[in-house]
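# Topology and contacts: notes
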Amino acid sequence: MNNWAEIDKSAKEWVKEAGERIRSSFNTTLSIQTKSNPNDLVTNMDKETEQFFLEKIRNTYPDHFILGEEGQGHELASTDGIIWIIDPIDGTMNFVHQQRNFAISIGIYENGIGKIGLIYDVVHNELYHAVKGEGAYMNGIKLPDLKDVPISESILSLNATWVTENKRIDPNILAPLVRDVRGTRSYGSAAIEFAYVAAGRLDGYITLRLAPWDFAAGLVIIEEVGGLTTTLDGEKINLLDKNSILVASKSIHRAILSDYVKKQLKEDYDR
Ligand code: IPD
Ligand code: CA
Ligand code: CA
Ligand code: CA
């Protein structure tokens, strides 16, 4: 038997402790490397933070699985069992260049079902947290259900890339949406963008390619405020793969799919 209250308590404590370590690193010289391209950064703190969680989880819950961005966890072919999906620093470019607008993101899943979501905006000391079926909270304050707003009064987060020539989407699909919304934003941390949608600071977030560690925590938190996350085609998210993402309140989600992307929400997706 797994004690979810205990797992939740440990996860929250570890996230806070990891955040403290990251804050302390601001006084040290970072070691910065690149990964897939010159703009894809990783620092010693990304790796050390992932290692910190790995050691805690392995010592306390040796039968749990770990999927982390920096690759020190398991290679997973199935969602069976309990999986901690970890982005030690989401928004590394912001971490390096701005020392803000980055977050620790942890989603804990059991047999593919999201049980716990934690997004910790380290610099603002804002911990977004949800346990499935128990609501979502920011620093212990319950987040209300998302409000229905019209597209014309909504603020949408998306990267300008998706309305310029790019290899993932015809720029003419999202350009009319960008014109119709009240405003657009781009924070450079998917986890923070999910958290802001959950907190009602943004009404939606669209991106064309996120990895499991970018969205695992966000999915759990969004569901607890009555929001909806699917791919940009209205399909269910594949937890172990890269996905396009459309996250919003149900009304904004429906409007974006039907009026701009011109797709229907896939029938069998749990609404
Ligand atoms: C990145 C951020 C960014 C998103 C990228 C991610 P990282 O994560 O979430 O906002 O657009 O797709 O890879 O690499 O900083 O953890
Ligand atoms: Ca990265
Ligand atoms: Ca990330
Ligand atoms: Ca990362």
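Residues numbered from 1 in each chain as written. Chains lettered and ligands numbered in written order. Predicted model: local features only at pLDDT ≥ 70, side-chain atom pairs only at ≥ 80, totals over all residues. Heavy atoms only, no water.

## So, the coordination of the calcium ion (ligand 2)
All of the protein donors around the calcium ion (ligand 2) are Glu69 (OE) and Glu69 (OE); their distances to the metal are 2.3 to 3.1 Å. A separation of 5.2 Å is found between the calcium ion (ligand 2) and the calcium ion (ligand 3). Mapped onto the fold, glutamate 69 is located in the loop between β3 (65-68) and β4 (82-90). (Donors = N, O, S within 2.8 Å, 3.2 Å for Na, K, Ca; no water. Helix = DSSP H or I, 4+ residues; strand = E, 2+ residues; numbered from the N terminus.)

## What to know about the coordination of the calcium ion (ligand 3)
Here the calcium ion (ligand 3) is held by Asp87 (OD), Asp90 (OD) and Asp214 (OD), and the distances to it run 2.1 to 2.2 Å. Here the donor residues of the calcium ion (ligand 3) share one chain and are spaced in sequence as D-x2-D-x123-D.

## Structural notes on helix α6 (residues 212-224)
A rise of 1.5 Å per residue sets the reference length of α6, with its 13 residues, at 18 Å; its end C-alpha atoms lie 19 Å apart and thus fit the reference within 8%. Along α6, the sharpest kink reaches roughly 25°, centred on glycine 218. Burial of α6 is extensive: 12 of the 13 residues sit out of reach of the surface. Where α6 is concerned, the buried positions are Pro212, Trp213, Asp214, Phe215, Ala216, Ala217, Gly218, Leu219, Val220, Ile221, Ile222 and Glu224. One or two residues past the end of α6 sits glycine 226, with phi positive at roughly 80°. (Expected span 1.5 Å × (residues − 1). Bend = angle between axes of the 7 residues up to and from the residue. Buried < 20%, exposed > 50% of the residue type's maximum accessible area, 1.4 Å probe, protein only.)

## Examining the environment of glycine 227
Along the chain, the position of glycine 227 falls in strand β13 (residues 227-230). Sequence separation between glycine 227 and leucine 146 is 81 residues; the distance between their C-alpha atoms is 6.5 Å. Residue contacts for glycine 227: discarding those within four places in its chain leaves Leu146, Ile222, Ala248 and Ser249. (Contact = heavy atoms within 4.5 Å.)

## Details of the environment of threonine 230
Positionally, threonine 230 belongs in strand β13. For the pair threonine 230 and asparagine 243, spaced 13 residues apart in sequence, the C-alpha separation works out to 8.8 Å.

## So, the packing of aromatic side chains
One pass over the full model with this rule turns up 9 aromatic pairs. Both rings, one in phenylalanine 26 and one in phenylalanine 102, keep their centres 6.3 Å apart while their planes meet at 85°; by these two values the pair is edge-to-face. In this pair, phenylalanine 26 is assigned in the loop between α1 (4-25) and β1 (32-34) and phenylalanine 102 in the loop between α3 (92-98) and β5 (103-110), connecting sequence segments 76 residues apart. The exposure class of phenylalanine 102 is buried, given its relative accessible area of 1%. On the basis of an interplanar angle of 70° and a centroid distance of 5.0 Å, the ring pair of phenylalanine 95 and phenylalanine 102 is categorised as edge-to-face. We classify phenylalanine 95 as buried; its relative accessible area is 1%. (Phe/Tyr/Trp six-rings, centres within 6.5 Å; stacked < 30°, edge-to-face > 60°.)

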